[in-house]
Amino acid sequence: PMLRLSVADDGPGIAPELLPTLFERYATGDRKRQKIGSGLGLFICRTIAELHGGSIAVESEPGRGARFTVTLPLARSADLAEPS
């Protein structure tokens, strides 16, 4: 079983040509806008998700916002039991 968490907005969206590299280290998005941040946030999110056996994805259309979805495996109660 997996947990899926989505966060969406109704902002300007992300240009299609930026989507393939959005989760790479130092990717800062739309160069036409003021650069804010170091380009590490989404890279760190992807790394954390993958280290936990999950993934992160984005869907976006310019002018219609973006939706980020993080998928993580659910721990079984046996996986959480303390060692004896």
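Look up a bit, the structure's there.
Residues numbered from 1 in each chain as written. Predicted model: local features only at pLDDT ≥ 70, side-chain atom pairs only at ≥ 80, totals over all residues. Heavy atoms only, no water.

Draft legend 1. A look at the environment of L74. Of note, L74 is situated in the loop between strand 3 (66-73) and helix 2 (77-80). For the pair L74 and G54, spaced 20 residues apart in sequence, the C-alpha to C-alpha distance is 9.8 Å. Residues within four places of L74 in sequence aside, it is in contact with P1, M2 and L3. (Helix = DSSP H or I, 4+ residues; strand = E, 2+ residues; numbered from the N terminus. Contact = heavy atoms within 4.5 Å.)

Draft legend 2. Here's a closer look at the packing of aromatic side chains. All told, the structure shown has 1 aromatic pair when counted by the stated rule. Pairing F23 with F68 gives two aromatic rings, centres 6.3 Å apart and planes at 85 degrees, and the pair type is edge-to-face. Taken as a pair, F23 in the loop between strand 1 (2-8) and helix 1 (41-51) and F68 in strand 3 lie far apart in primary sequence, 45 residues in all. F68 sits in the partly exposed class, given a relative accessible area of 22%. (Phe/Tyr/Trp six-rings, centres within 6.5 Å; stacked < 30°, edge-to-face > 60°. Buried < 20%, exposed > 50% of the residue type's maximum accessible area, 1.4 Å probe, protein only.)

Draft legend 3. Layout of the pairing of strand 2 (residues 55-60). Judged by which residues are buried, strand 2 turns out to be one-sided: I56, V58 and S60 face inward and are buried, whereas S55, A57 and E59, on the alternate face, are not. Pairing between strand 2 and strand 3: 6 bridges, direction antiparallel. Across the sheet, the residue bridging to S60 is A66, located in strand 3. From the end of strand 2 to the start of strand 3, which pair antiparallel, there are 5 residues, and G63 there has a positive phi angle of about 80 degrees. (Pairing = 2+ DSSP bridges.)

Draft legend 4. Inspection of the sheet that holds strand 1 at higher detail. Ordered in space as 1-3-2, the 3 strands form an open sheet in which the pairing is antiparallel. The open sheet has two edge strands with one neighbour each: strand 1 and strand 2. Neighbouring strand axes in the sheet, compared pairwise and without regard to direction, differ in orientation by 20 degrees on average. (Axes fitted to C-alpha atoms, helices over the stretch in contact; angles between N-to-C directions.)

Draft legend 5. Here's a closer look at the pattern of salt bridges. Counting across every chain of the model gives 2 salt bridges. Notably, a salt bridge pairs E50 with R46, separated by 3.9 Å at the nearest N-O pair. Taken as a pair, E50 and R46 lie in helix 1 at a separation of 4 residues, close to a single helical turn. By relative accessible area, R46 is classed as partly exposed at 25%. E61 serves as the salt-bridge partner of R64, at 3.9 Å between the closest nitrogen and oxygen. On the accessibility criterion, E61 (46% relative accessible area) is partly exposed. (Salt bridge = Lys/Arg side-chain N within 4 Å of Asp/Glu carboxyl O.)

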